[in-house]
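Structural description and commentary
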Amino acid sequence: SIDRAVGNINSRAQDGLAFLATVGSTAPFVGLFGTVWGIYHALVAISMAGAISIEKVSGPVGEALVMTAAGLAVAIPAVLAYNIFGKLVGACEAELEGFAHDLRDMVSDSTKAR
């Protein structure tokens, strides 16, 4: 019963970690997609104009850089939070396991004494 309770608590504590890991690993790809999209728009603008000019390239490239920055702005805090909370959850799990072990020993010793 104690092991099940500890398992349930550990499972609930790790639910948020999976979300942070997913955000941290996928956000850079969203930024990369934005970069590719912006470069595509720059190339389309160049082909429609027939000549390369800074006006045709700067807008789409600026959008690409903003998307890249947005992806990184989401990914970096998510990875940092994952690492911090992962360490806290691990410490909490170890403490719960130790408590469960001590409680099991105490109950076992009290039943032997009877």
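This write-up is about the structure you can find in this document. Computed from a predicted model, the values in this text were never measured in an experiment. (Residues numbered from 1 in each chain as written. Predicted model: local features only at pLDDT ≥ 70, side-chain atom pairs only at ≥ 80, totals over all residues. Heavy atoms only, no water.)

Moving on, we get to the overall build of the protein chain. Scanning the protein chain from terminus to terminus reveals 2 helices and 0 strands. Rg of the C-alpha trace for the protein chain: 26 Å, well past the compact-globule value of 13 Å for 114 residues, more than 25% over. By principal-axis analysis of the C-alpha atoms, the protein chain measures approximately 95 × 20 × 10 Å. Considering the protein chain as a whole, with its 114 residues, one finds that 18% of them fall into the buried category. Taking as baseline every contact in the protein chain between residues at least 6 positions apart, the subset at least 24 positions apart corresponds to 80%. Of the accessible surface of the protein chain, which amounts to about 8100 Å², a share of 70% is contributed by carbon and sulfur atoms. For the protein chain, the distance from the average position of its 7 positive side-chain charges to the average position of its 10 negative side-chain charges is 6 Å. (Helix = DSSP H or I, 4+ residues; strand = E, 2+ residues; numbered from the N terminus. Rg over C-alpha atoms; globule rule 2.2 N^0.38 Å. Buried < 20%, exposed > 50% of the residue type's maximum accessible area, 1.4 Å probe, protein only. Contact = heavy atoms within 4.5 Å. Areas by Shrake-Rupley, 256 points an atom, 1.4 Å probe, with all protein chains shown as cover. Lys, Arg positive; Asp, Glu negative; His and termini not counted. Charge placed at Lys NZ, Arg CZ, Asp CG, Glu CD.)

Our next topic: the packing of aromatic side chains. The geometry of an aromatic ring pair is captured by two quantities: the separation of the ring centres and the angle between the planes. All chains considered together, the criterion is met by 2 aromatic pairs. The interplanar angle of 35° and the centroid separation of 6.0 Å between the aromatic rings of F33 and W37 together place this pair among those described as tilted. Within this pair, F33 and its partner W37 are both found in helix 1 (residues 2-49), separated by 4 residues, close to a single helical turn. When the ring of W37 is compared with that of Y40, the centres are 6.1 Å apart and the planes differ by 45°; the resulting orientation is tilted. (Phe/Tyr/Trp six-rings, centres within 6.5 Å; stacked < 30°, edge-to-face > 60°.)

Per the counting criterion, the structure on display carries 1 salt bridge. A salt bridge links D3 to R104, with the shortest nitrogen-to-oxygen separation between them at 3.1 Å. In this pair, D3 sits in helix 1 while R104 sits in helix 2 (residues 54-113), placing the two residues 101 residues apart along the sequence. For R104, a relative accessible area of 35% corresponds to the partly exposed category. (Salt bridge = Lys/Arg side-chain N within 4 Å of Asp/Glu carboxyl O.)

Residue position: T35 is located in helix 1. Given the relative accessible area of 19%, T35 is considered buried. In this view, T35 contacts A64, M67 and T68; residues no more than four positions away in its chain are not counted.

This next bit is on the environment of L72. Along the chain, L72 falls in helix 2. Relative accessible area serves as the criterion here: at 41%, L72 is assigned to the partly exposed category. As for L72 and G24, which are separated by 48 residues in sequence, their C-alpha atoms are 9.0 Å apart.

As a further point, take a nonpolar patch on the surface. On the surface, F29, L32 and V36 cluster together into a nonpolar patch covering about 320 Å² of accessible area. Relative to the helices and strands, F29 is located in helix 1. A relative accessible area of 57% means that F29 is categorised as exposed. (Patch = residues over 30% accessible without salt bridge, like charges linked within 9 Å, V, L, I, M, F, W, Y side chains within 5 Å.)

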